[in-house]
Amino acid sequence: MTIKNYINGELRDALSNKIINVVNPSIGKVYGTLPDSDSQDVMLAIEAAIEALPAWKILSFEQRFDLLLKLANGIESRMNEFVEAESMDNGKPEWLAAQSDIPRAISNLKFFASAQMNFPSESHHTPNQGLNYTLRQPIGVVGCISPWNLPLYLFTWKIAPALAAGNTVVAKPSEITPYTAYLLSTVCIEIGFPKGVLNIVHGLGAKVGQAIVEDKRVKAIAFTGGTVTGRAINIECAKQFKKVSLELGGKNPNIIFDDCDFEDMMATTVRSSFTNQGQICLCGSRIFIQKTIYTQFKEEFITRINQLTIGDPKTNVNIGAVVSEDHMHKILGYIELAKEEGGTILTGGKRYIPEGECRDGFFIEPTVIEGLGHLCRLNQEEIFGPVVTLIPFDTEENAIEMANSTPYGLACTIWTENVKKAHRVAQSIDSGIVWVNTWMVRDLRTPFGGMKESGIGREGGFEAMRFFTETKNVFIKY
Ligand code: NAD
């Protein structure tokens, strides 16, 4: 498989002709190559985006709606191909890509196709003086940079509102999972998407990503990825006064009170801990359990985790491979750290070696750890893998204090049947998203993003449309 850049409506190699290998993590083998692009390729993409901008930004809502819908339908008509590619590239089970990643990528495009038609602007009458109205205009050329954990899901989460708002885009998917973004560029060609409006440049973050961020002609950056990268991007954008939206890491608390619906909580907590091998920024990695039900929780949780199946993502397993060999070693390093910090591994804790074709793949057993203080490194740093810690608590205040004790503030889950308590805890938690008695239910109209080092700004619904537009107030004297 030879993945190519998509610039000015054409598939191209990197100008340097350099390539990078791309690996299927479930078998541990190279399956193809992607262009090792650099600033020259980014330059071409930016020039194409500048040229395409005047026509794209004045397109009628209906025309833009039709084109974005065609992209969505183009993915849908090649569903199996996208599902297989996403699973092969990332290691996630095919059923997960089929149930979640690819349908959600389609929804992102459909949702923002429609959102731009309904995006309101305000007007304010100033008594006896005149009328203000607000224009929300396209920003220009924008950069969208996305990570490997939900490849097409997050790639489209950025490009769909950017395009819908009338901008042209230079986008960079993760070099670890480039396949479905490449397939999307082939859909663009199939449906005759206007050239230069969307450009996809593959390659390393330090070359391609950085070149997009540093170029002054790119007027805004929407980034999803790690906090360290986000900080570097934020510094560069600050120098240029460039608009930036950052969706970064998390260390999310899952707070379980003794008055919860135990069965519902248990089934959901297994999912919120280990879906996508724990590689979702919203996974609950620190599980706080009220002491009164700690032992009951622990026994039942371990029983259920031990029933999870691991292995070939093409089969009906619960858990596939983690994304890369490096990432596997990073996660295993954290498990070693847990032991050094005095934690007890209740289950898992090792690399898993399946039989057959996947024996060289990068699998890790779902791992549950107890006995660690809430301030130790393991409970402060993002691991981003199938590893959770159990932490007992006495009171509501105690749970809130520990939950808020990390530098992150992305998502939180609260389990209680007491509605007053649910509201109290929800308002006291430092996080951009709170779920009560559920996990990862997403309504695309709602604001999405994190507090503290989990990010800056909000995307989703009209928040994303606001981010991707420049706001202008016009006052007309009576
Ligand atoms: P990463 O920061 O390493 O990479 C993300 C993207 O940025 C990639 O495309 C990468 O090539 C690019 N990049 C790297 N260095 C760059 C630079 N200097 N300039 C510009 N671009 C650069 O993150 P990752 O390992 O791909 O993804 C995992 C992280 O993403 C985790 O921390 C996870 O929590 C976070 N994440 C956050 C959300 C959210 O919505 N908050 C969602 C998914 C993942």
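Residues numbered from 1 in each chain as written. Predicted model: local features only at pLDDT ≥ 70, side-chain atom pairs only at ≥ 80, totals over all residues. Heavy atoms only, no water.

Chemist: Help me understand the overall build of the protein, please; the structure alone is not making it clear to me.
Modeler: Helices and strands together make up the secondary structure of the protein, namely 14 helices and 24 strands. Since a compact globule built from 478 residues should have a radius of gyration of about 23 Å, the 23 Å found for the protein is in line with a globular shape. Across its three principal directions, the C-alpha atoms of the protein cover 65 × 65 × 40 Å. Per-residue burial over the protein gives 59% buried out of 478 residues. Contacts in the protein between residues at least 24 apart in sequence constitute 74% of all its contacts with a sequence separation of at least 6. Total accessible area computed for the protein in this model is approximately 18,800 Å², and 53% of it derives from carbon and sulfur atoms. Within the protein, one finds 46 positive and 54 negative side-chain charges whose respective centroids are separated by 6 Å. (Helix = DSSP H or I, 4+ residues; strand = E, 2+ residues; numbered from the N terminus. Rg over C-alpha atoms; globule rule 2.2 N^0.38 Å. Buried < 20%, exposed > 50% of the residue type's maximum accessible area, 1.4 Å probe, protein only. Contact = heavy atoms within 4.5 Å. Areas by Shrake-Rupley, 256 points an atom, 1.4 Å probe, with all protein chains shown as cover. Lys, Arg positive; Asp, Glu negative; His and termini not counted. Charge placed at Lys NZ, Arg CZ, Asp CG, Glu CD.)

Chemist: Help me understand the packing of aromatic side chains, please; the structure alone is not making it clear to me.
Modeler: Any two aromatic rings considered together are summarised by their centre-to-centre distance and by the angle between their planes. What the rule picks out here adds up to 11 aromatic pairs. Seen in terms of ring centroids, Y31 and Y179 are 5.6 Å apart; in terms of plane orientation they differ by 25°. Their pairing is stacked. Of the two residues, Y31 is situated in strand β4 (residues 29–35) and Y179 in helix α6 (residues 179–191); the sequence distance between them amounts to 148 residues. We note that Y31, like Y179, is buried. Above the plane of the ring of W56 lies R64, whose end atom (NZ or CZ) is 5.6 Å from the centre. The lysine or arginine in question, K243, covers the ring of F467, its NZ or CZ lying 5.3 Å from the ring centre. (Phe/Tyr/Trp six-rings, centres within 6.5 Å; stacked < 30°, edge-to-face > 60°. Lys NZ or Arg CZ within 6 Å of the ring centre and 35° of its normal.)

Chemist: Got a minute to help me understand the layout of surface pockets in this structure?
Modeler: A probe matching the size of a water molecule, rolled over the atoms, marks out where space remains unfilled. In this model, the largest pocket occupies a volume close to 880 Å³. If you trace the largest pocket, you find 38 residues lining it, with F223, G225, G226, T227 and T229 closest to the centre. Residue composition of the lining of the largest pocket, by class: 17 nonpolar, 13 polar and eight charged. By volume, the second largest pocket is sized at about 460 Å³. Along the wall of the second largest pocket there are 21 residues; nearest its centre are W95, L96, S100, R271 and T275. (1 Å grid on protein atoms, 1.4 Å probe; cavity = no way out; pocket = protein on both sides within 12 Å on 5 of 7 lines; lining within 4 Å. Points joined across faces, edges and corners; volume = space filled by probe spheres on them. Nonpolar A, V, L, I, M, F, W, Y, C, P; charged D, E, K, R; others polar.)

Chemist: It is not clear to me how the sheet that holds strand β6 (residues 130–138) should be interpreted in this structure. Could you clarify?
Modeler: Within the open sheet, the three strands sit side by side as β5-β6-β24. Their pairing is antiparallel. Each edge of the sheet is formed by a strand with only one pairing partner; in this case those strands are β5 (123–126) and β24 (469–477). Strand-to-strand twist in this sheet, taken as the mean axis angle between neighbours without regard to direction, amounts to 20°. (Pairing = 2+ DSSP bridges. Axes fitted to C-alpha atoms, helices over the stretch in contact; angles between N-to-C directions.)

Chemist: Could you clarify how one ought to interpret the pairing of β4 in this entry?
Modeler: Here is the key point about a regular strand: its side chains alternate between the two faces of the sheet. Within β4, five of the seven residues are buried, leaving the element largely enclosed by the surrounding structure. Two strands pair when backbone bridges link them, and strand β3 (residues 19–24) and β4 are joined in this way by six bridges, in the antiparallel orientation. When the sheet's bridge partners are listed, V22 is paired in β4 with G32. Where β3 folds back on β4, the antiparallel hairpin that results is connected by four residues, among which G28 adopts a positive phi of roughly 70°.

Chemist: Teacher, can you tell me more about unusual backbone geometry here?
Modeler: The bulk of non-glycine residues show a negative phi, and the bulk of peptide bonds are trans. Residue N8 is not a glycine yet carries a positive backbone phi of 55°. Residue N8 is classed as partly exposed on the basis of its relative accessible area, which comes to 30%. One non-glycine residue with positive phi stands out, namely K452, at about 50°. Residue position: K452 is located in strand β22 (residues 451–452).

Chemist: Honestly, the site of the ligand in this entry has me stumped. Any pointers?
Modeler: Residues in contact with the ligand amount to 27 residues; listed here are only the nearest, S146, E175, T229, L248 and E382. Residue G226 places a main-chain N or O atom 2.9 Å away from an oxygen atom belonging to the ligand. For the ligand, an oxygen atom lies 2.6 Å from a polar atom in the side chain of T229. For the ligand, whose unbound accessible area comes to 850 Å², protein coverage reaches 87%. Under a 2 Å grid-point criterion requiring more than half of the atoms, the pocket assigned to the ligand is the largest pocket. Of all the secondary-structure elements, those providing two or more residues to the shell around the ligand are α7 (205–214), β10 (218–224) and α8 (227–240). Across the shell around the ligand, the residue classes break down as 12 nonpolar, 11 polar and four charged. (Near = heavy atom within 4 Å. Polar contact = N/O pair within 3.5 Å; in protein donor to acceptor, adjacent residues only side chain to side chain. Sits in = over half its atoms within 2 Å of the grid points.)

Chemist: Would you mind showing me how to read the pairing of strand β13 (residues 284–290) here?
Modeler: Taking burial as the measure, the seven residues of β13 include seven buried ones, the bulk of the element. Viewed along the sheet, the connection from strand β12 (residues 252–256) through helix α9 (residues 262–274) into β13 turns out right-handed. (Right-handed = clockwise from strand over helix to strand, strands pointing away.)

Chemist: Honestly, the packing of helix α5 (residues 151–164) against α6 in this entry has me stumped. Any pointers?
Modeler: Two quantities define a packed helix pair, namely the angle between the helix axes and the distance between the axes. Where α5 contacts α6, the axes come no closer than 8 Å and their chain directions differ by 55°. The angle between α5 and α6 falls in the class oblique. Seen along the crossing, α5 lies across α6 with a hand that is right-handed. Residues P151, L152, F155 and I159 of α5 form the contact with α6, whose own contacting residues are T180, A181 and L184. (Parallel < 35°, antiparallel > 145°, perpendicular 65-115°, else oblique. Left-handed = near helix turned anticlockwise from the far one by under 90°.)

Chemist: What exactly am I supposed to notice about the sheet that holds strand β20 (residues 411–415) here?
Modeler: Pairing within the open sheet is mixed, and its seven strands lie in the order β14-β17-β18-β13-β12-β20-β21. Every interior strand has two partners, whereas the edge strands, β14 (344–347) and β21 (433–436), have only one. For this sheet the average axis-to-axis angle between neighbouring strands, irrespective of direction, equals 25°. Note: strand β17 (residues 367–370) against strand β18 (residues 387–393), four bridges, orientation parallel. Residue pairing across strands places V368 opposite V388, the latter belonging to β18. Sitting on the sheet, helix α10 (residues 294–306) is in contact with β12, β13, β14, β17 and β18, with an inclination near 165° to β18.

Chemist: Please explain the nonpolar core as it appears in this structure.
Modeler: In this structure, L71, I159, V169, F193, L198 and L282 are the most contacted members of the largest nonpolar core, which totals 75 residues. Among the elements that line this core, the one with the most residues is α5, at 10 residues. Setting aside residues no more than four positions away along its own chain, L71 makes contact with L109, L184, V187, C188, I191 and F193. Counting 26 residues, the second-largest nonpolar core is a separate cluster that includes I289, I293, I302 and I305. (Core = buried A, V, L, I, M, F, W, Y, C linked by side-chain atoms within 4.5 Å.)

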